Amino acid sequence: MAGGAFAPTSGGKEYPGKFTFRVFFTCLFAATGGLIFGYDLGISGGVTSMDVFLKDFFPDVYQKESSVKPSDDQYCKFDSQILTLFTSSLYLAALVSSIGASMATRTYGRRPTMMTSGLLFAAGAIVNGLAKNVVMLIVGRLLLGFGIGCANQSVPIYLSEVAPYKYRGALNMMFQLFITIGILIANSLNYAFARLIGGDMAWRLSLGGAIVPGLIILLGSCFLPDTPNSEIERGNYERAKDLLLKLRDVDNVDEEFNDLVEASEKAKLVKHAWLNIFKRKYRPQLVFAFCIPMFQQLTGMNVIVFYAPVLFKTIGFGSNASLLSSLITGFVNMVATFVSIFTVDKLGRRKLFLMGGTQMLICQVVITIAIAMKFGVSGNPGVISGTYAGAVVAFICVYVAGFAWSWGPLGWLVPSEIFPLEVRSAAQSINVSVNMIFTFVIAQIFTAMLCHLKFGLFICFAVCVVIMSIFIYKLLPETKGVPIEEMTIVWRNHPHWSKYFDEDDAQFEASKPKDIASA
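Small disclaimer: the values here were computed from a predicted structure and weren't measured.

A. Fine view of the overall build of the protein. A count of helices and strands for the protein gives 24 helices and zero strands. Looking at the 519 residues of the protein, the share that counts as buried comes to 62%. Here the analysis covers contacts within the protein between residues at least 6 apart in sequence; of these, 83% occur between residues at least 24 apart. Taken as a whole, the protein presents about 18,600 Å² of accessible surface, with 68% of it coming from carbon and sulfur.

B. Focus on the environment of Ser-89. Tracing the backbone through its elements, the reader meets Ser-89 in helix α5 (residues 81-107). Under the relative-accessibility criterion, Ser-89 is labelled buried at 5%. Ignoring any residue separated from it by four or fewer positions in sequence, one finds Ser-89 in contact with Ile-138, Arg-141, Leu-142 and Phe-440.

C. Up close: a nonpolar patch on the surface. Among the surface-exposed residues, Phe-21, Phe-25 and Phe-29 lie close enough to one another that they form a single nonpolar patch of about 360 Å² accessible area. For Phe-29, the location among the structural elements is in helix α1 (residues 21-31). Judged by its relative accessible area of 44%, Phe-29 falls in the partly exposed class.

D. Region of interest: the nonpolar core. Core analysis: the largest hydrophobic core is formed by 129 residues, its most contacted members being Phe-53, Phe-288, Trp-407 and Trp-491. The biggest single contributor to this core is helix α22 (residues 421-453), with 12 residues. For Phe-53, the contacting residues outside a window of four places in its chain are Val-47, Thr-48, Phe-58, Phe-86, Leu-137, Trp-203 and Leu-207. One finds Val-250, Phe-257, Leu-260 and Val-261 within the second-largest nonpolar core, a separate group that totals nine residues.

E. The packing of aromatic side chains, seen in detail. For the structure on display, the rule yields 20 aromatic pairs. Taken together, Phe-288, Phe-295, Phe-353, Trp-407, Phe-471, Trp-491, Trp-497 and Tyr-500 form an aromatic cluster joined through their ring pairs.

F. Region of the structure containing unusual backbone geometry. Phi is positive for Asp-249, close to 55°, though the residue is something other than glycine. With respect to the secondary-structure elements, Asp-249 resides in the loop between α13 (237-248) and α14 (254-268).

G. Layout of the packing of helix α7 (residues 134-162) against helix α21 (residues 407-417). Close contact between α7 and α21 brings their axes to 9 Å; oriented N to C, the two are set at 70°. In terms of orientation, α7 lies roughly perpendicular with respect to α21. Pair α7 / α21 crosses with right-handed handedness. Where α7 approaches α21, its residues Asn-152, Pro-156, Ile-157 and Ser-160 are matched on the opposing element by Trp-412, Ser-416 and Glu-417. Per-class residue counts for the contact of α7 with α21 are three nonpolar, three polar and one charged.

H. Spotlight on the side chain of Arg-248. Topologically, Arg-248 is positioned in helix α13. Using a relative accessible area of 2% as the deciding quantity, one classes Arg-248 as buried. Among the polar contacts made by the side chain of Arg-248, one reaches the main-chain carbonyl oxygen of Val-162 at a distance of 2.9 Å.

I. The arrangement of the side chain of Glu-231 in detail. When you line up the elements, Glu-231 lands in helix α12 (residues 228-233). Residue Glu-231 is classed as buried on the basis of its relative accessible area, which comes to 6%. Once residues within four sequence positions are removed from consideration, Glu-231 is found in contact with Asp-226, Asn-236, Arg-239 and Ala-240.

J. Representation of the environment of Phe-419 in the model. Of note, Phe-419 is situated in the loop between α21 and α22. Note: C-alpha distance between Phe-419 and Glu-486 (67 residues apart in sequence) is 9.8 Å.

K. A look at α1. Here α1 has its buried residues at Val-23, Thr-26, Cys-27, Ala-30 and Ala-31. In a view along the axis of α1, the buried residues occupy a sector of 125°, so they form one face of it.

L. Just the state of the cysteines, in detail. For the coordinates displayed, the defined rule picks out zero disulfides. Cysteine Cys-460 is unpaired, with the sulfur of Cys-464 as its nearest cysteine sulfur at 7.1 Å. Given a relative accessible area of 34%, Cys-460 falls into the partly exposed group.

M. Looking closely at the pattern of salt bridges. The final tally for this structure, using the stated rule, is 13 salt bridges. A salt bridge links Asp-40 to Arg-141; its shortest N-O distance comes to 2.4 Å. Residue Asp-40 is located in helix α2 (residues 34-47), and its partner Arg-141 is located in helix α7; the two are separated by 101 residues in the primary sequence. An identical accessibility class is assigned to Asp-40 and Arg-141; each is buried. Across the pair Glu-161 and Arg-110 runs a salt bridge, and its minimum N-O distance is 2.8 Å. Of this pair, Glu-161 sits in helix α7 while Arg-110 sits in helix α6 (residues 110-129); the two residues are 51 residues apart in sequence, bridging distant segments of the chain. Judged by relative accessible area, Glu-161 falls into the buried class, the value being 4%.

N. Highlighting the packing of α6 against helix α10 (residues 199-208). Taken N-terminus to C-terminus, the directions of α6 and α10 make an angle of 170°; their axes are 7 Å apart at the nearest point. It follows from the interaxial angle that α6 and α10 lie roughly antiparallel. Residues Ala-125, Asn-128 and Gly-129 of α6 form the contact with α10, whose participating residues are Trp-203, Arg-204, Leu-207 and Gly-208. Class assignment for the residues of the contact of α6 with α10 results in three nonpolar, three polar and one charged.

O. Region of the structure containing the environment of Val-365. Looking at the element boundaries, Val-365 is found in helix α19 (residues 349-375). For the pair Val-365 and Ala-462, spaced 97 residues apart in the sequence, the C-alpha separation amounts to 7.0 Å.

P. Expanded view of the confidence of the model for the protein. The predicted model of the protein has a mean per-residue pLDDT of 82, with 84% of residues at 70 or higher. Within the model, the stretch residues 508-519 combines pLDDT values under 50 with 27 contacts to residues more than four positions away or in other chains.

The rules behind the values
- Residues numbered from 1 in each chain as written.
- Predicted model: local features only at pLDDT ≥ 70, side-chain atom pairs only at ≥ 80, totals over all residues.
- Heavy atoms only, no water.
- Helix = DSSP H or I, 4+ residues; strand = E, 2+ residues; numbered from the N terminus.
- Buried < 20%, exposed > 50% of the residue type's maximum accessible area, 1.4 Å probe, protein only.
- Contact = heavy atoms within 4.5 Å.
- Areas by Shrake-Rupley, 256 points an atom, 1.4 Å probe, with all protein chains shown as cover.
- Patch = residues over 30% accessible without salt bridge, like charges linked within 9 Å, V, L, I, M, F, W, Y side chains within 5 Å.
- Salt bridge = Lys/Arg side-chain N within 4 Å of Asp/Glu carboxyl O.
- Core = buried A, V, L, I, M, F, W, Y, C linked by side-chain atoms within 4.5 Å.
- Phe/Tyr/Trp six-rings, centres within 6.5 Å; stacked < 30°, edge-to-face > 60°.
- Axes fitted to C-alpha atoms, helices over the stretch in contact; angles between N-to-C directions.
- Parallel < 35°, antiparallel > 145°, perpendicular 65-115°, else oblique.
- Left-handed = near helix turned anticlockwise from the far one by under 90°.
- Nonpolar A, V, L, I, M, F, W, Y, C, P; charged D, E, K, R; others polar.
- Polar contact = N/O pair within 3.5 Å; in protein donor to acceptor, adjacent residues only side chain to side chain.
- Arc of directions from axis to C-beta.
- Disulfide = S-S within 2.5 Å.
- pLDDT = per-residue confidence, 0-100.

Take a look at the structure:
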């Protein structure tokens, strides 16, 4: 498996290019943008399970949670729309900012948008760390959301455009890797602060600590170049070619450069990307820009990430024990992501989607049965043994691993690589927006769904996994090893999607300029 991470793949046009330390470190620093998303995913659930935080900001929830006896309905003790709004408000802000960020990435470049994301996230961390009331908490969450929207818009595109096409999958997935690292760091800090410090300082340090990943992406972006695509898009042809020569570490990049210039010239003919993206010829990719992020959230993974401490507390763990359990799943999440990095350019996207979906489905069925047997519909578990609770955690870990090497990283990789340049920024904005919409919905309604559906909530997610796996099997073409500027060919040759391309679209390969390399 170790040889698969950067194994060359075939398909489409063959551009010369090497896997170099320059490319690796450029993508590595850019991928740190995933830290801010991951840190927030991990920190919010842990903070909302801290008694002192609930007592300060959500006393009604604290009273209900602290008064629940083993004989009471455990499913409903955290059911509060105000509490979930603290978590979910961020994703509405991210949705809004991703739309503005799509125009910024096209007009000003990918790098400035990444810098803006770090600045906004750091500002939100300061406001949350100093919060005196719920209003300050929500304002801080909105600033964090603006930062996440900018990062999720710009970083996946940056990685896909900088990486040589043979290694695009592995390098793009470093974004997801840093999301999981952010989650793990957040879980570790929640556990350490709650156990070693306690009091108000525990949650203030957890929330305020978000300034660190914000500054990392802000300062890291200052030392990064923009992408060759972005430089060409803004008319900087000579700078783009010099950058491409450095990134590919070969003497001649004329063919790839000419194709990038041609794509940019076509993109300039598209004045309104947001209107053009709904044209028939972009319909196949648009379906996946909507469905993949939607299905990514409907796996139920973010329920585990957001509310792992709350969920574990609900199924019988104490406060610190629930934080420890979420720390364990965070570690599994990070380690399993490496499986995807080492195999995506070898096995391909489709196989990982389907294999991960199967693994998640099996685990969801087992977890549903385990919770149903112990809690039933009454929510009264009686005495839960450590062995029983440990077994539930084990299957949750296997479920998390299945997501971490399939739908997690692929949910960002595939939408960022399938669109032509002229609509790429708008398409990524749609991808981020849909992701944020469904993240918001899941975050907002999870505790209510758990209260009313009981263990049936996990059955709903299992059904979604079946549907999305069939969707991938039937409709997603394999995009491994295909240069990003040649991706349209894959869709035009697909038996289902070929009908969306007319004769004019078939001219995709025609009339390529031969003399632009000297521009």
